[in-house]
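The primary structure of each chain is shown beneath.
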Amino acid sequence: MLVNATTLAQRLGVSKARVSQYVAQGVLAGCYEGEGRARRFDVARVQEALTRGLDPGQMLGNGAGTKQALRQIEEESAEPAPAPRAKPRSDVVLEPRDPDRYELARILNAEEDARRKRRDNERDEGRWVLAEEVERSTGRLIAREMGQFEAVLRDGARAIADRLGVDYREARQILMQEWRSYRQRKTEALAREAGAVAMTEDEREANV
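All of these numbers come straight from a predicted model, not from anything done at the bench.

About the thresholds
Residues numbered from 1 in each chain as written. Predicted model: local features only at pLDDT ≥ 70, side-chain atom pairs only at ≥ 80, totals over all residues. Heavy atoms only, no water. Helix = DSSP H or I, 4+ residues; strand = E, 2+ residues; numbered from the N terminus. Areas by Shrake-Rupley, 256 points an atom, 1.4 Å probe, with all protein chains shown as cover. Core = buried A, V, L, I, M, F, W, Y, C linked by side-chain atoms within 4.5 Å. Buried < 20%, exposed > 50% of the residue type's maximum accessible area, 1.4 Å probe, protein only. Pairing = 2+ DSSP bridges. Patch = residues over 30% accessible without salt bridge, like charges linked within 9 Å, V, L, I, M, F, W, Y side chains within 5 Å. Salt bridge = Lys/Arg side-chain N within 4 Å of Asp/Glu carboxyl O. Lys, Arg positive; Asp, Glu negative; His and termini not counted. Charge placed at Lys NZ, Arg CZ, Asp CG, Glu CD. Axes fitted to C-alpha atoms, helices over the stretch in contact; angles between N-to-C directions. Left-handed = near helix turned anticlockwise from the far one by under 90°. Contact = heavy atoms within 4.5 Å. Nonpolar A, V, L, I, M, F, W, Y, C, P; charged D, E, K, R; others polar. Arc of directions from axis to C-beta. Phe/Tyr/Trp six-rings, centres within 6.5 Å; stacked < 30°, edge-to-face > 60°.

Peer 1: So what's going on with the overall build of the chain? Residues and values would help.
Peer 2: The helix and strand tally for the chain stands at eight helices and three strands. Its helices and strands in sequence order give the chain the pattern β-α-α-β-β-α-α-α-α-α-α, from N to C terminus. As displayed, the chain offers around 15600 Å² of accessible surface, 52% of which is attributable to carbon and sulfur atoms.

Shown next as structure tokens:
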């Protein structure tokens, strides 16, 4: 069976970027024909290559899903006319003595352990920062800049009063009202934009 990269990624339970990585690393050499968008993969050959090429460490953590997908492809290939497969048993309640209960628990535990180790490694490498600390630091910087800007507005009101012969307090009140109105509108707009931002491919791939 020949499929494109998107379909293959779905069958393996990985991202399309991971399929491209397999190709670039030569893991899928001889398993496809064509190039670019016209590239088509032979599912049976991919199954054989990944089973042979991935080491045991890659089969733990996030790779456990790929291992399960490969096993499913192998089972389907062994049957002349496979019947439609039911939904994965992970979404149903398993009987206490069901053998898949242990397998599911083992996979989930391995995935969580891999995520924990990845978090620890990235923390030790200095790639992580505390969101609360960033928020506090950013808040202090913004508050300081806003204080300086409001001082500039007060000085501007004084200059307007002196040059135009108007009341200083009235000039300052007008400037401050305009500034605070703008600040409120900007805050609401930024909050809406932040709420609509989707996760990037790198963030989804991190899966922490």
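Peer 1: I'd like a description of the nonpolar core, backed by residues and values.
Peer 2: Membership of the largest hydrophobic core comes to 16 residues, with the highest contact counts inside it found for Leu8, Leu12, Val19, Leu28, Phe41, Val46 and Leu50. Listed by contribution, the elements that provide at least two residues to this core are α1 (5-12), α2 (16-25) and α3 (43-53).

Peer 1: Give me the environment of Arg52: which residues, what numbers.
Peer 2: By the element assignment, Arg52 lies in helix α3. Along the backbone, Arg52 and Val27 are 25 residues apart, and their C-alpha atoms lie at a distance of 9.4 Å.

Peer 1: A description of the sheet that holds strand β2 (residues 32-33) should follow, citing residues and the corresponding values.
Peer 2: One open sheet accounts for three strands, arranged β1-β3-β2; its pairing is antiparallel. Strands at the two margins of the open sheet, each flanked by one partner only, are β1 (2-3) and β2. In this structure, β2 lies alongside strand β3 (residues 40-42), joined through two bridges in antiparallel fashion. Looking at β3, one finds that Tyr32 is bridged to Phe41.

Peer 1: Tell me what's going on with a positive patch on the surface, and back it up with residues and numbers.
Peer 2: A contiguous patch of positive charge, built from Arg154, Arg158, Arg169 and Arg172, is present on the exposed surface. Counting residues per element, the ones that place at least two in the positive patch are α6 (131-164) and α7 (168-196). Mapped onto the fold, Arg169 is located in helix α7.

Peer 1: Any details on the packing of α6 against α7? Residues and values, ideally.
Peer 2: Contact geometry of α6 with α7 gives a least axis separation of 8 Å together with a crossing angle of 145°. Remark: the crossing between α6 and α7 carries right-handed chirality. Residues Met146, Phe149, Glu150, Leu153, Arg154, Gly156, Ala157, Arg158, Ile160 and Ala161 of α6 form the contact with α7, whose own contacting residues are Tyr168, Ala171, Arg172, Leu175, Met176, Trp179 and Arg183. Residue composition of the contact of α6 with α7, by class: eleven nonpolar, one polar and five charged.

Peer 1: I'd love a proper account of α2, names of residues and values included.
Peer 2: Of the residues making up α2, those classed as buried are Val19, Tyr22 and Val23. Down the axis of α2, the buried set is contained in an arc of 100°. They therefore lie on one face. Residues of α2 that are exposed and point over 90 degrees away from its buried face: Ala24 and Gln25. Following α2 by one or two positions, Gly26 has its phi on the positive side, about 85°.

Peer 1: Summarise the packing of aromatic side chains; cite the residues concerned and give the values.
Peer 2: The final tally for this structure, using the stated rule, is three aromatic pairs. Ring geometry for Tyr32 against Phe41: centres 5.5 Å apart, planes inclined by 55°, an arrangement best described as tilted. Take Phe41: its relative accessible area is 1%, and that puts it in the buried class. An aromatic cluster is present here, built from Phe149, Trp179 and Tyr182 joined pairwise through their rings.

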